[in-house]
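Breakdown of the fold
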Amino acid sequence: MALHVPKAPGFAQMLKDGAKHYSGLEEAVYRNINACKELAQTTRTAYGPNGMNKMVINHLEKLFVTNDAATILRELEVQHPAAKMIVMASHMQEQEVGDGTNFVLVFAGALLELAEELLRMGLSVSEVIEGYEMACKKTLEILPDCVCTSAKNLHDVEEATAMIRTAVMSKQYGNEDFLANLIAQACVSIYPESGSFNVDNVRVCKILGSGLNSSTVLHGMVFKKEAEGDVTSVKDAKIAIFSCPFDCMVTETKGTVLIKNASELMDFSKGEEDMMEAQVKAIAEAGANVVVTGGKVADMALHYANKYQLMVVRLNSKWDLRRLCKTVGSVALPRLTPPTPEEMGHCDNVYLTEVGDTQVVVFKHEKEDGALSTLVIRGSTDNMMDDIERAIDDGVNTFKVLVRDKRLLPGAGAIEIELAKQITSYGESCPGLEQYAIKKFAEAFEAVPRSLAENSGVKGNELISKLYAVHHEGNKNMGFDIEGEGAAVKDMQEAGILEPYLVKYWAVKMATNAAVTVLRVDQIIMAKPAGGPRAPKQRGDWDKDEWDEAPDKFATHH
């Protein structure tokens, strides 16, 4: 009988071998705070127009070069449980309003960093949490008073451009005016009078070559595909859309055909041809002159399509088919049947064109208010275009947020300093120990202008003291002037640097919730990770012919 080895008494006794547990302030809370601080430090340098880019290589070895916090976090696959909570908060921010993800991280990181100071001073965790929650509630009460202006008419491209510019600026500094104008055109053209706006209706098509300034907006859709047949452009198109392959029906059962003489062999494939011709002819007679199919196009079918002057376009993606149906107002048919007039879509112009050296098919609407608009982005590298796409995403989301709530706050750290000032004075008026936490909450807001300053190469403290000075005189729209020399400040309402009210509202809420959740944890218990035997590590040089070559450093899979 094997000797029974008793375990050490205490908590480890009741857990399986290999489980870890950390408890108490030192082990659990500070550990969590440290992880979150590291995470916030990573993304803090990417905050604002002068933020640095991160180069992230994900587990599939795809390269991302971006300063969009949401993308960085999505690709990093953060493992630490506490840091994961903050990542989740910023994901929620991304889903809720689509912008301000980095603010959530910077702010939550600052809250936790300051909480650590309070805890080391000897406050209990619950007092810190209570103070934070009171301060958060107060912040959300003060926010509406800080609103400096609101959007009047979102159907006006000029005005929409001004609103979107700030969101684009933090991603693509230098190109913001050009991009914001493109995005505004795309958004306004599909923003219906009824007032519901769908982000998915602004499509992005990235085509290599040329520069960013050759990008354009099209009303309608653009696909990076070639037309299958000979017909390459159709005016005033009637479109039949099939979700099945453009081919004759194949029987399910297998059959054997016995052919006795040559004439039967001649007639054998003729029946199939006649059937195919009849189908294509029926489609053409229904009035359709463009066929879009979701599957493969048979040679035979293509031959008859050319004969009846049908333009054939093949789309592989189901989503693209659905979107196209929505754009042209048609129904996707599951079988090759001639479409009824109701099932056919209509589009002013369908044509094949070349952008750079890429063939694209364009479904274009002449009238302005289509259901979809597409931004054709040009750029020299894929990474650059991906980044521009993210900037567009933020811009479109900003427009959507403004459709929901038209109020705007001053940007560039103006709103943060104003909140910090007011929350500090609120903290002074509170008795009890929460006041320390409330004051620290106010101090956490300083992290935002400080990051902006440090990323622009300006001393943070100098800027913050300057901002406080002008805010105490009652100029509550004064923020950090990025283009100025040194720690310059200017009125953000006049400079046109504005942020939607909802973005800030949700960001403060999410960040506080995340920080409080992390602080509430006092024990971490990790079970032994499940999993069978690990796969053996591959040697980097197992397929080398010559051993005298140096083993390839990059080939080892860690």
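First things first, this report covers the structure right here in the doc. Throughout, a residue's number is its position along its own chain's written sequence, starting from 1. Residues qualify for local features only when their pLDDT is at least 70, as the model is predicted, and side-chain atom pairs are given and counted only at 80 or more; totals for whole chains, interfaces and linings, by contrast, use all residues. As a convention, hydrogens and water are excluded, and side-chain values are obtained from all of the structure's heavy atoms.

This paragraph deals with the sheet that holds strand 14 (residues 407–410). Pairing within the open sheet is antiparallel, and its three strands lie in the order 4-14-17. Lying at the two open borders of the sheet, with one neighbouring strand each, are strand 4 (149–150) and strand 17 (498–500). One bridge is not enough; two strands pair if DSSP finds at least two bridges between them. Only runs of H or I of at least four residues qualify as helices and only runs of E of at least two qualify as strands under DSSP, and these elements are numbered from the N terminus. Summarising the sheet, strand 14 and strand 17 pair through three bridges and their orientation is antiparallel. Along strand 17, the bridge assignment pairs Leu409 with Glu499.

Summary: where empty space remains is shown by rolling a probe the size of a single water molecule over the atoms. Cavities and pockets are defined on a 1 Å grid built over the protein atoms alone: a cavity is a set of grid points where a 1.4 Å probe fits but cannot escape, while a pocket is an open set with protein on both sides within 12 Å along at least five of seven lines, and lining residues are those with an atom within 4 Å of any such point. Grid points are joined across faces, edges and corners, and a volume is the space filled by probe spheres set on the points. Of the volumes computed, that of the largest pocket is approximately 360 Å³. Along the walls of the largest pocket sit 19 residues, with Val204, Glu389, Arg390, Ile392 and Asp393 positioned nearest its centre. For the lining of the largest pocket, the secondary-structure elements that each account for two or more residues are helix 2 (69–76), strand 5 (202–208) and helix 11 (382–404). Counting residues per element, the lining of the largest pocket draws most heavily on helix 11, which supplies six residues. The classification used treats Ala, Val, Leu, Ile, Met, Phe, Trp, Tyr, Cys and Pro as nonpolar, Asp, Glu, Lys and Arg as charged, and all other residues, Gly among them, as polar. In the lining of the largest pocket, the residues fall into seven nonpolar, one polar and 11 charged. A volume near 270 Å³ is recorded for the second largest pocket.

Interaxial distance between helix 5 (residues 125–146) and helix 17 (residues 501–519) falls to 10 Å at its minimum, and their mutual angle equals 175 degrees. Regarding the angle of helix 5 to helix 17, the classification is roughly antiparallel. Contacts between helix 5 and helix 17 involve Val125, Val128, Ile129, Tyr132, Glu133, Cys136, Thr139, Leu140, Leu143 and Pro144 from the first element and Tyr501, Lys504, Tyr505, Val508, Lys509, Thr512, Val516 and Leu519 from the second. Across the contact of helix 5 with helix 17, the residue classes tally to 13 nonpolar, two polar and three charged. Note on definitions: angles span 0 to 180 degrees between N-to-C directions of axes, and those axes are lines fitted to C-alpha atoms, for helices only across the stretch in contact. Orientation labels follow simple angle bins: below 35 degrees gives roughly parallel, above 145 gives roughly antiparallel, 65 to 115 gives roughly perpendicular, and whatever is left gives oblique. By the convention used here, residues are in contact when the closest approach between their heavy atoms is within 4.5 Å.

Turning our eyes to something else, we now look at a nonpolar patch on the surface. Patch membership is restricted to residues that have no salt bridge and whose relative accessible area is over 30%. Joining uses 9 Å for like charges and 5 Å for the nonpolar side chains Val, Leu, Ile, Met, Phe, Trp and Tyr. Here the open area of atoms and residues is found with the Shrake-Rupley method and a 1.4 Å probe, where only the protein chains shown may cover a residue. The working definition used for a salt bridge is a side-chain nitrogen of Lys or Arg within 4 Å of a carboxyl oxygen of Asp or Glu. Together, Val257, Ile259, Leu265 and Phe268 make up an exposed nonpolar region whose accessible area comes to about 380 Å². Residue placement: Val257 occurs in the loop between strand 7 (233–242) and helix 8 (262–285).

Glancing now at unusual backbone geometry. Positive phi, close to 65 degrees, is recorded for Glu61, a residue that is not glycine. Among the structural elements, Glu61 can be located in the loop between strand 2 (54–57) and strand 3 (63–66). When accessible area is computed with a 1.4 Å probe and restricted to protein chains, residues below 20% of their type maximum are described as buried, those above 50% as exposed, and intermediate ones as partly exposed. The exposed category is assigned to Glu61, whose relative accessible area is 63%. Residue Gln309 is not a glycine yet carries a positive backbone phi of 60 degrees.

Here the focus is the pattern of salt bridges. Per the counting criterion, the structure on display carries 14 salt bridges. Between Lys440 and Glu117 there is a salt bridge, with the nearest N and O atoms lying 3.0 Å from each other. Here Glu117 lies in helix 4 (residues 101–121) and Lys440 lies in helix 13 (residues 434–444), a separation of 323 residues in the sequence. Given a relative accessible area of 39%, Glu117 falls into the partly exposed group. Through salt bridges with shared partners, a single network forms among Lys62, Lys206, Asp386 and Glu389.

Bringing the environment of Arg390 into the picture now. Counting through the fold element by element, Arg390 comes out in helix 11. Taking the C-alpha atoms as reference points, Arg390 and Asn67, separated by 323 residues in sequence, lie 9.6 Å from one another. Setting aside its immediate chain neighbours within four residues, Arg390 contacts Phe64, Val65, Thr66, Asp68 and Thr71.

As a rule of thumb, nonpolar side chains are buried together in soluble globular proteins. Counting residues in hydrophobic clusters, the biggest one holds 76 residues, and the most contacted among them are Ile86, Phe107, Tyr132, Phe441 and Leu519. Sorting elements by how many residues they give to this core places helix 4 first, with 13 residues. In these notes, a set of buried Ala, Val, Leu, Ile, Met, Phe, Trp, Tyr and Cys residues joined through side-chain atoms within 4.5 Å is what counts as a nonpolar core. If you look at the next biggest cluster of nonpolar residues, it comprises 34 residues, including Leu154, Val199, Val202 and Leu212.

We now examine empty space enclosed by the protein. In total, this model carries one cavity of 30 Å³ or more according to the counting rule given. Computed from the structure, the largest cavity encloses a volume of approximately 460 Å³. Together, 32 residues line the largest cavity, and Tyr47, Gly48, Thr166, Ser170 and Glu499 are the ones closest to its centre. Those elements giving two or more residues to the lining of the largest cavity turn out to be helix 4, helix 6 (157–169), helix 14 (447–455), strand 17 and helix 17. For the lining of the largest cavity, the element with the most residues is helix 6, which contributes four residues.

So, about the packing of aromatic side chains. Think of it this way: a Phe, Tyr or Trp ring, Trp meaning its six-membered ring, pairs with another when their centres are within 6.5 Å, and the plane angle makes it stacked under 30 degrees, edge-to-face over 60, tilted otherwise. If you walk through the whole model with that rule in mind, you get seven aromatic pairs. Plain terms: the ring middles of Phe107 and Phe445 are 4.6 Å apart, the flat faces sit at 20 degrees to each other, and that makes the pair stacked. With Phe107 in helix 4 and Phe445 in the loop between helix 13 and helix 14, the pair connects residues that are 338 residues apart, well separated along the chain. Of the two residues examined, Phe107 and Phe445, each falls in the buried class.

On to the packing of helix 8 against helix 9 (residues 299–307), then. Where helix 8 meets helix 9, the closest approach of the two axes is 9 Å, and the angle between their N-to-C directions is 45 degrees. In terms of orientation, helix 8 and helix 9 fall into the oblique class. The hand of the helix 8/helix 9 crossing is right-handed. In contact with Glu273, Met276, Glu277 and Val280 of helix 8, helix 9 contributes Met300, Ala301, Tyr304, Ala305 and Lys307. Of the residues in the contact of helix 8 with helix 9, the class split is six nonpolar, no polar and three charged. Should the near helix be turned anticlockwise from the far one by less than a right angle, the crossing is left-handed, and should it be turned clockwise, the crossing is right-handed.

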